[in-house]
Amino acid sequence: MAPPQPPPGRTPGTAAPGERRQLRDVLGSFATGIVVLTAGRTEPRGMTANSFTSVSLDPPLVLVCVARTAALHDLVLDEGGFAVSVLSADQEPVARRFADRARPRGAREFEAVEAAPGPRTGAPLLSGALAWLECRLTAVHDGGDHSIMLGTVLEAHKSAAESALLFHRGGFRRLAPVRVRT
């Protein structure tokens, strides 16, 4: 079966504004966890992301997708590594802060949150997170308007917290345990 062709007059790989909105709505039906991706030893930066996933346990690999226009994008490339803080259910304000394009930058970016430099990358690890990973940048692949960044996990830890912050249909949600009837 041949792949579908774009409508006449359209270049392959381009979508009309209405189609982008529809695709965004469809993809928003998939609930994702929320992380703050960080990098930078001397001039740290962070950003909220939900395009994060595990890739392999052996070797230990994860991937994140970062917009090419994001302030963090080139810093990750320059540093050759990054850190990931998996946000807990009560960290919605943290997620909103690092998603706000008008937030202060550099060291001031982290003044409203508790964070400590990771021992392997120096990238900030956020207090109160469900889990933390430090990664060496292993590969970068083209992902359209994003770069797909593959990282080898150098260090990984989890907290005792159990409830996760999720993103679903354009809003933050909290993961609640399923109650089993007996």
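What comes next is a walk through the structure. Since the structure is predicted, the reported quantities are computational estimates derived from the model, not experimental observations.

Observations concerning the pairing of strand 9 (residues 131-143)
Okay, step 1: Here strand 6 (residues 81-86) pairs with strand 9 via six bridges, running antiparallel. In the sheet register, Phe82 faces strand 9, and the bridge partner there is Cys135.
Okay, step 2: Pairing analysis gives twelve bridges linking strand 9 to strand 10 (residues 146-158), with the strands arranged antiparallel. By the bridge assignment, Leu137 is partnered in strand 10 with Gly151.
Okay, step 3: A loop of two residues connects strand 9 with strand 10, the two strands running antiparallel in sequence, and Gly144 in this loop sits at a positive phi of about 70°.

A look at the side chain of Glu109
Okay, step 1: As for its position among the elements, Glu109 is in the loop between helix 3 (92-99) and strand 7 (115-117).
Okay, step 2: Residue classification places Glu109 among the buried positions, given a relative accessible area of 0%.
Okay, step 3: Side-chain polar atoms of Glu109 contact the backbone nitrogen of Gly46, separated by 3.2 Å.
Okay, step 4: Sequence-distant contacts of Glu109, defined by excluding residues within four places in its chain, comprise Pro44, Arg45, Gly46, Arg97, Phe98, Arg103 and Pro104.

What to know about the nonpolar core
Okay, step 1: Within the largest apolar cluster, 18 residues are counted, with the highest numbers of intra-cluster contacts made by Leu37, Val64, Leu72, Val76, Phe82 and Val84.
Okay, step 2: Counting residues per element, the ones that place at least two in this core are strand 2 (35-39), strand 3 (45-49), strand 5 (60-67), helix 2 (71-79), strand 6, strand 9 and strand 10.
Okay, step 3: Those residues in contact with Leu37 that sit more than four places away from it in its chain are Arg45, Gly46, Met47, Val64, Val66, Leu72, Phe82, Ala83 and Val84.

Rules used in this analysis
- Residues numbered from 1 in each chain as written.
- Predicted model: local features only at pLDDT ≥ 70, side-chain atom pairs only at ≥ 80, totals over all residues.
- Heavy atoms only, no water.
- Pairing = 2+ DSSP bridges.
- Helix = DSSP H or I, 4+ residues; strand = E, 2+ residues; numbered from the N terminus.
- Buried < 20%, exposed > 50% of the residue type's maximum accessible area, 1.4 Å probe, protein only.
- Polar contact = N/O pair within 3.5 Å; in protein donor to acceptor, adjacent residues only side chain to side chain.
- Contact = heavy atoms within 4.5 Å.
- Core = buried A, V, L, I, M, F, W, Y, C linked by side-chain atoms within 4.5 Å.

Interpretation note: all reported values are geometric properties and have no functional meaning in isolation.
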